[in-house]
2 protein chains.
Amino acid sequence: MTETGQLLDQLRAVVGPPNVIVDADERASYEVDWTRRFRGEALAVVRPASTAETVAVVRACHEHGARMVPQGGNTGLVGGSVPRGGEVVVSTRRMDEIGPLDDDAGEIVVGSGAVLEAVQAAVRPAGWDVGVDLGARGSCTIGGMVATNAGGEHVVRDGPMAEQVLGLEGVLAGGAVVGRVPALRKDNTGYRWHRILTGSEGTLAVITRVHLRLVRRPKAQVTALVGLASFPDALALAGAFHRDIEGLDALEAFFADGLDFVQQHIDLADPFPQPAAAYLLAEAGAAETDEAVREMGATVEAARGVVGAAVATDAAGRARLWRYREAHPEVANSSGIPHKLDVTLPFDALPRFPDEVRRRIAAVAPDARVLLFGHVGDGNLHVNVLGPAPEDYAVDDAVLGLVVELGGSISAEHGVGIAKRDWLARYRTADDLEAMRAVKRALDPQGLLNPGVIFTP
Amino acid sequence: MTETGQLLDQLRAVVGPPNVIVDADERASYEVDWTRRFRGEALAVVRPASTAETVAVVRACHEHGARMVPQGGNTGLVGGSVPRGGEVVVSTRRMDEIGPLDDDAGEIVVGSGAVLEAVQAAVRPAGWDVGVDLGARGSCTIGGMVATNAGGEHVVRDGPMAEQVLGLEGVLAGGAVVGRVPALRKDNTGYRWHRILTGSEGTLAVITRVHLRLVRRPKAQVTALVGLASFPDALALAGAFHRDIEGLDALEAFFADGLDFVQQHIDLADPFPQPAAAYLLAEAGAAETDEAVREMGATVEAARGVVGAAVATDAAGRARLWRYREAHPEVANSSGIPHKLDVTLPFDALPRFPDEVRRRIAAVAPDARVLLFGHVGDGNLHVNVLGPAPEDYAVDDAVLGLVVELGGSISAEHGVGIAKRDWLARYRTADDLEAMRAVKRALDPQGLLNPGVIFTP
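What counts, and at which threshold
Residues numbered from 1 in each chain as written. Chains lettered and ligands numbered in written order. Predicted model: local features only at pLDDT ≥ 70, side-chain atom pairs only at ≥ 80, totals over all residues. Heavy atoms only, no water. Helix = DSSP H or I, 4+ residues; strand = E, 2+ residues; numbered from the N terminus. Rg over C-alpha atoms; globule rule 2.2 N^0.38 Å. Buried < 20%, exposed > 50% of the residue type's maximum accessible area, 1.4 Å probe, protein only. Contact = heavy atoms within 4.5 Å. Areas by Shrake-Rupley, 256 points an atom, 1.4 Å probe, with all protein chains shown as cover. Lys, Arg positive; Asp, Glu negative; His and termini not counted. Charge placed at Lys NZ, Arg CZ, Asp CG, Glu CD. Core = buried A, V, L, I, M, F, W, Y, C linked by side-chain atoms within 4.5 Å. Axes fitted to C-alpha atoms, helices over the stretch in contact; angles between N-to-C directions. Left-handed = near helix turned anticlockwise from the far one by under 90°. Nonpolar A, V, L, I, M, F, W, Y, C, P; charged D, E, K, R; others polar. Least-squares fit on C-alpha atoms with pLDDT ≥ 70 in both. Buried area = accessible area lost by both parts, 1.4 Å probe. Salt bridge = Lys/Arg side-chain N within 4 Å of Asp/Glu carboxyl O. Polar contact = N/O pair within 3.5 Å; in protein donor to acceptor, adjacent residues only side chain to side chain. Pairing = 2+ DSSP bridges.

Q: Teacher, can you tell me more about the overall build of chain A here?
A: Helix and strand counts for chain A come out as 15 helices and 18 strands. Expected size for 457 residues packed as a compact globule is a radius of gyration near 23 Å; at 22 Å, chain A falls within 12% of this value. Its C-alpha atoms give chain A principal-axis dimensions of about 75 × 55 × 45 Å. Sorting the 457 residues of chain A into buried and exposed places 61% on the buried side. For chain A, long-range pairs separated by at least 24 residues make up 73% of all intrachain contacts whose partners lie at least 6 apart in sequence. Summed over its atoms, the accessible surface of chain A is roughly 16300 Å², and 50% of this surface lies on carbon and sulfur atoms. For chain A, the distance from the average position of its 44 positive side-chain charges to the average position of its 61 negative side-chain charges is 3 Å.

The following block contains the structure:
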C-alpha cells in the first residue's frame with residue numbers, strides 16, 4: 001500500500017470513512033476560497049468531530065509528513081484556507097457545538113466549527129451578542145474568525161476577535177493540545193495560547209474550541225447615512241461622531257464612484273437628491289432612541305459639507321441605509337475577481353489616501369475599476385480593484401507600496417495568507433520576521449501546518 | 001581583565017558609567033522586591049535610556065553569556081523582577097518619555113519606564129485615563145505592567161493590560177528588536193508581538209516602548225459600600241450590580257475578620273453600626289450622579305442580607321469608602337511578610353471558597369492570620385497569609401491546591417515569577433508546558449532572559 005493509502009486508512013479509522021473526502025467533486029468546495037482567486041487540490045479533506053479526533057488526525061499526518069491546511073467556513077480572502085496543492089484539509093466544521101450560554105458572566109464556549117450566525121442565534125435572545133459581526137456570518141466559523149483575528153463592522157466599539165477570546169484549545173503540528181477551555185477571565189499563568197494563536201492563520205495550530213466573551217446588545221440602534229462634499233469633510237464628521245456619540249458602534253465610508261458602480265449592477269435609489277462625493281454611515285446603540293437621534297442630528301448639523309442626511313431607527317429603515325455600504329463588496333465580487341486589498345492608514349494620512357491610491361492604480365492599470373469602502377472609524381479601507389488578472393500583482397504592489405510609504409498596515413483584517421506574504425518583508429524588519437519564523441519553527445519544526453501562509457517558502 | 005570586567009566596561013561604554021551600578025548600597029533597592037520575600041544579588045544594574053541602548057546592553061550581555069533580569073518599578077509580588085543571584089538587572093526606568101497624547105484617537109506612546117502615575121497625570125486633563133490602575137501607581141512602570149499583564153481594580157470595566165496595549169517594541173535575548181511603535185488599531189500582518197510578550201514576565205524580551213489605548217474618564221463617579229450578612233449575600237449583590245449598573249467599574253470584597261485586623265493597626269471607624277460578615281464595594285462611572293445613585297440604591301434595596309450601606313459621590317467621601325478596602329494590603333504588608341496568593345475561582349466555586357481556604361490554611365498553619373480581599377467582580381480574590389516563614393511553602397501549597405481542585409487559576413494577576421513556577425505543572429498539562437518552553441527556547445536559546453521565572457530550571 002502507498003504511504004498516501006496508509007495515511008487515508010488511518011484517517012478513516014479516526015473519523016469514519018464518510019469524513020475523509022477524496023472524490024474530486026466533493027472536495028471542490030474546500031479547494032477554492034471566497035475570492036475565487038486562490039485554489040489548489042487537496043490530498044483529502046478530513047472532518048474531525050472533536051479535539052481528540054483532531055489530535056489523532058494531526059498525529060497521523062505528522063507521522064506521514066503530510067502537510068495540513070486547517071479550514072473553517074472557507075470565507076477567507078487571502079488564500080490562507082485553501083490548499084496550495086497536495087495538503088490534507090482539516091475541516092473544523094463538524095466541531096460546531098454551542099454553549100451553554102453563561103448568562104451571568106456573558107460568556108460561551110463553542111466548537112471552532114460553530115458558524116457565527118448560529119452563535120448569534122443562540123445568544124441574542126438573552127440580550128447578548130458576539131462582539132464581531134461580518135457579511136460572511138452565515139458561513140464563517142468562530143475558529144476561522146479567531147485564526148484570522150476577524151474584524152468587521154463593529155471593531156470601533158468592541159474590537160476584533162482578539163478582544164472576544166477569553167481562551168481556546170488548539171492542536172499543534174505534533175498533536176500536542178495547548179490552551180484551556182473554559183478559561184478564566186483573569187489568569188496570569190505564563191504564556192497564553194489564545195493570544196499567540198489568534199491571528200496566526202492556521203500556521204501554529206488547529207483551533208478546536210473557543211471561549212468567547214459576549215457583549216450586551218444595545219436596547220435600540222440608530223443609523224445615519226450622510227452625504228458629504230468631500231472625503232475630508234466625511235473624516236471630520238467621523239471624528240465628531242467619535243467624540244460626541246456614546247455607544248457608537250459603526251463608522252463606515254464609501255464614495256460617489258463606488259456608489260455609481262453599485263447602482264449600475266443592482267437596483268438602488270439615489271440616497272439623496274444632491275450627489276455627494278463621499279458618504280458616511282454611522283450607527284450607535286442607545287438605551288433610548290429619541291435622545292440618540294437628537295445627538296446624531298446635532299453632530300450632523302454642526303458638520304461642514306453636508307449634502308444630505310437620513311436617519312433610521314427601525315430594522316427595515318436601518319437595513320435600507322446599510323444596503324448602500326454592504327452592496328459594495330457584493331457587487332465587486334459578482335463583477336469579476338477583484339483584487340481585495342485591505343489596509344489601515346494612520347489617521348493623518350487618511351484624507352489624501354483615496355485620490356493618491358486611485359492615481360497609483362491608474363498608473364499601472366489604466367482601465368481598472370476601483371471600489372473603495374470600509375471601516376473609516378478604524379482607519380481601515382478596503383481597496384477593491386476590478387480588471388487586472390488574478391495573477392497580476394502590479395496593482396497589489398502599487399496599493400501596498402503606497403500604504404507602506406504612508407506608515408499604514410498592508411493587512412488591516414484579512415490577514416497575510418498567500419496574497420500578501422511577499423510583502424511582509426517590506427512591512428516588518430528582517431529581525432522581526434526572523435523572530436516570527438523562530439516561533440513557527442519551535443511549534444511546527446517540519447513546517448506541516450498551513451505551509452506557505454504568512455511565510456514565503 | 002576578567003570577563004565580568006570586560007562586560008562592565010562594555011556596558012559603561014553604552015550607557016555611561018553612572019548608569020552601570022555595581023556598588024552594593026546603590027544596588028540594594030533593585031535587589032529586593034515589593035513583598036520582601038524575594039531577593040538576590042545583581043552582578044550590576046544597567047540603566048539604558050533608549051531602545052538602541054537596550055539593544056547594545058542586551059548584545060553585550062549575550063556575548064558574555066550574562067543572564068539578565070528586566071526590571072521596571074520593581075513592584076512585582078512573585079519574585080520575577082529581582083535577581084536570583086549574579087544576573088545583570090536591566091532597569092527600564094530611564095526610558096520614561098511620555099506622549100504626545102493623541103487626543104482624537106485616545107492613544108499615547110510611552111517609554112516602558114514611564115511610571116503609571118506620570119502617564120495618568122499626562123492624559124487625565126484631556127478627559128482620558130489609563131485603563132488599568134493599581135495601588136503601586138506611584139512606582140510601577142508601564143513596561144512592568146505590560147510584562148506582567150497587570151490587572152487591578154478596574155478590570156471589570158476595562159480589562160487587564162493586555163486590552164490596553166495596541167503595540168510595543170521589545171528587545172529579544174540576542175538583541176533583535178521586535179514589534180512596532182506606533183502601532184495601528186487594525187493590523188493583521190502575522191504574529192503580533194504585543195500579544196506574545198504581554199504577560200511573559202521578562203522571559204522573552206526587554207520591553208522598551210508601549211503604545212497604549214486610553215479609556216474615557218467618566219464625568220462623575222459613585223461609590224457604594226455595603227455590609228452583608230454573608231459572603232453568598234455579597235456575591236448575589238455583586239451579580240445584581242453587574243447586571244443592573246451600566247458603567248460599573250469596580251466590584252471589590254473584604255471580610256469581617258480582615259476589617260478587624262485592619263482596625264487593630266490603623267485608625268478606622270466601623271463602617272456601620274451593625275457588624276457585617278462581608279463587605280462589597282461597588283463603583284460606577286456615570287454622566288449624571290443623581291441617576292447613578294438612584295440606580296445603585298434600588299439595587300441595594302432589592303438585595304438580601306444588607307446590614308448597612310453608604311454611598312459617596314464626592315472625592316473625599318469616595319476615598320473614605322475605598323480606604324476600607326485599600327488598607328487591607330497595606331496592613332498585611334506592614335505586619336510581616338505575607339504569603340500573597342492571588343487566585344481566580346470560577347463563579348460557581350466562589351461562595352464556598354473563603355470558608356474552605358481558611359480551613360485548609362488552619363490545617364497546615366493553625367496560628368496563621370488570613371486576610372481575604374479582592375476583585376470579586378472578576379472572581380479574583382487575594383489570599384494574604386501572615387505568620388508562616390517566607391520560605392515555608394506549606395500554606396501556598398494548601399491554598400493553590402484548593403484552587404486547582406476548584407478549577408480556578410493559581411495566578412489571577414500577579415503572574416508566576418519564582419513564587420508559583422513549581423505549581424505550573426499542576427495547572428497546565430505537560431504538553432502545554434513543553435510548548436511554552438519551546439517558544440522560550442526559540443526566542444532565547446541560551447536562557448539568558450529572566451532565568452528561573454515561570455519555568456523551573
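Q: Before we go on, may I ask you to explain the nonpolar core in this structure?
A: In terms of nonpolar packing, the biggest core is built from 195 residues, with I142 and F353 of chain A together with I142, F353 and V383 of chain B touching the most fellow members. With sequence-adjacent residues up to four places away left out, I142 of chain B is seen in contact with V110, G111, S112, A114, L116, V119, M161, V210 and L212 of chain B.

Q: Looking at this structure, how should I read the packing of helix 8 (residues 231-244) of chain B against helix 10 (residues 289-301) of chain B?
A: Helix packing for two helices is described by the angle between their axes and how far apart those axes are. Residue and element names in this part refer to chain B. At their nearest, the axes of helix 8 and helix 10 sit 10 Å apart, and the two run at 145 degrees to each other. Judged by the twist between their axes, the crossing of helix 8 over helix 10 is right-handed. Along its contact with helix 8, which presents L237, A240, F241 and D244, the element helix 10 presents E295, M296, T299 and V300. In terms of residue class, the contact of helix 8 with helix 10 is made up of five nonpolar, one polar and two charged.

Q: Quick question: what am I supposed to make of the relation of the copies chain B and chain A here?
A: For these two chain copies, the linking operation is a rotation about an axis paired with a shift along it. Aligned on chain A, chain B shows an RMSD of 0.0 Å; the corresponding rotation is 180 degrees and the shift along the axis is 0.0 Å. The operation mapping one copy onto its partner corresponds to a two-fold rotation axis. Both copies contact each other with a shared surface, as 100% of the interface residues of chain B are interface residues in chain A too.

Q: What is the right way to look at the interface of chain B and chain A in this model?
A: A common way to state how big an interface is: give the accessible area lost once the parts meet. At the interface, 63 residues of chain B touch 63 residues of chain A. It is K186, N188 and Y191 of chain B that lose the most area in chain B upon contact with chain A, and together they represent 21% of the buried surface on that side. The tally of links between chain B and chain A comes to six salt bridges. D104 of chain B serves as the salt-bridge partner of R243 of chain A, at 3.8 Å between the closest nitrogen and oxygen. Our enumeration of links across chain B and chain A arrives at 38 residue pairs in polar contact (both at pLDDT 80 or more). Every element with two or more residues in the side of chain B that touches chain A is listed here: strand 9 (177-179), helix 7 (193-197), helix 14 (424-427) and helix 15 (430-443) of chain B. Within the side of chain B that touches chain A, the residues separate by chemical class into 28 nonpolar, 20 polar and 15 charged.

Q: Help me understand the pairing of strand 4 (residues 87-91) of chain A in this model?
A: All names here are of chain A. Here strand 4 lies mainly inside the structure; five of its five residues are buried. Of the two faces of strand 4, the one holding E87, V89 and S91 and the one holding V88 and V90 are both buried throughout. Bridging between strand 2 (residues 42-46) and strand 4 involves four bridges; their strand directions are parallel. When the sheet's bridge partners are listed, A44 is paired in strand 4 with V88. Bridging between strand 3 (residues 68-71) and strand 4 involves four bridges; their strand directions are parallel. Looking at the pairing, P70 lines up with V90 of strand 4.

Q: When you look at the pairing of strand 17 (residues 369-375) of chain B in this model, what are you seeing that I'm missing?
A: The side chains of a regular strand alternate between the sheet's two faces. Residues and elements named next belong to chain B. Judged by how many residues are buried, strand 17 sits mostly within the fold: six of seven residues are covered. Pairing geometry for strand 13 (residues 248-255) and strand 17, over two bridges, is antiparallel. When the sheet's bridge partners are listed, A253 is paired in strand 17 with G374. The pairing of strand 17 with strand 18 (residues 380-386) spans seven bridges and is classified as antiparallel. Note on strand 18: the bridge partner recorded for G374 is L381. Taking the residues that link successive antiparallel strands as the turn, the strand 17-strand 18 hairpin has four residues, and the phi of G379 there is positive, at about 75 degrees.

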